[in-house]
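# Reading the structure
Below are the chains, spelled out letter by letter.
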Amino acid sequence: KDFNSNAWDIDLQWFISLGSAMRIGMYDYFGYYEICYVGDEVKNPGYVLPRAILSSTIVVIGFFFMVNISILGTVSWRILINDSGASLYPAAYFIELIFGKNTAIAFMVVVIF
């Protein structure tokens, strides 16, 4: 059984998660707005901006995919759902497995600050 029995229940936590996702979506939208706002200063913005946005999106998707595949190739997803430390900070747990605890702590400090 791969899913929790209440994985699809709509409760308060579901609404909190939805609000968090919407906040990130708004942040992304305002980033796009800033690009369009400075488009007046770019030569041929109708050609340059769409290509810049799409190419940077593709690069970020590729980077995100490679990072997640690297983590899932090293850390079992069963550990990620059962271990509280690994589930809260999967990237730090990944770094700890490869480089040790001190490096994972330094990694978390850099990410947080």
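In short, a report on the structure. Everything quoted here is computed from the prediction, not taken from an experiment. (Residues numbered from 1 in each chain as written. Predicted model: local features only at pLDDT ≥ 70, side-chain atom pairs only at ≥ 80, totals over all residues. Heavy atoms only, no water.)

What follows deals with the overall build of the chain. What the chain contains, in helices and strands, is six helices and zero strands. Mapped from its N terminus to its C terminus, the chain presents α and β elements in the order α-α-α-α-α-α. Since a compact globule built from 113 residues should have a radius of gyration of about 13 Å, the 19 Å found for the chain marks it as more spread out than a globular shape. Dimensions of the chain, computed from the C-alpha atoms along their principal axes, are close to 50 × 40 × 25 Å. Counting the 113 residues in the chain, one finds 12% classified as buried. Across the chain, contacts joining residues at least 24 apart in sequence account for 11% of those joining residues at least 6 apart. The average position of the 6 basic charges and that of the 9 acidic charges among the side chains of the chain differ by 6 Å. (Helix = DSSP H or I, 4+ residues; strand = E, 2+ residues; numbered from the N terminus. Rg over C-alpha atoms; globule rule 2.2 N^0.38 Å. Buried < 20%, exposed > 50% of the residue type's maximum accessible area, 1.4 Å probe, protein only. Contact = heavy atoms within 4.5 Å. Lys, Arg positive; Asp, Glu negative; His and termini not counted. Charge placed at Lys NZ, Arg CZ, Asp CG, Glu CD.)

Of the residues making up helix 5 (residues 90-99), those classed as buried are Ala-92, Tyr-93, Phe-94 and Ile-95. Structurally, helix 5 contributes buried residues whose contacts are with helix 2 (45-74), helix 3 (77-82), helix 4 (84-88) and helix 6 (101-112). Remark: Gly-100 follows helix 5 within two positions and exhibits a positive phi of approximately 110°.

Now for the packing of helix 5 against helix 6. With their axes 7 Å apart at the nearest point, helix 5 and helix 6 run at an angle of 150° to one another. As the angle between them shows, helix 5 and helix 6 are arranged roughly antiparallel. When the axes of helix 5 and helix 6 are compared, the crossing they make is right-handed. Facing Ala-91, Ala-92, Ile-95, Glu-96 and Phe-99 of helix 5, the residues of helix 6 in contact are Lys-101, Thr-103, Ala-104, Phe-107 and Met-108. The residue inventory of the contact of helix 5 with helix 6, partitioned by class, reads seven nonpolar, one polar and two charged. (Axes fitted to C-alpha atoms, helices over the stretch in contact; angles between N-to-C directions. Parallel < 35°, antiparallel > 145°, perpendicular 65-115°, else oblique. Left-handed = near helix turned anticlockwise from the far one by under 90°. Nonpolar A, V, L, I, M, F, W, Y, C, P; charged D, E, K, R; others polar.)

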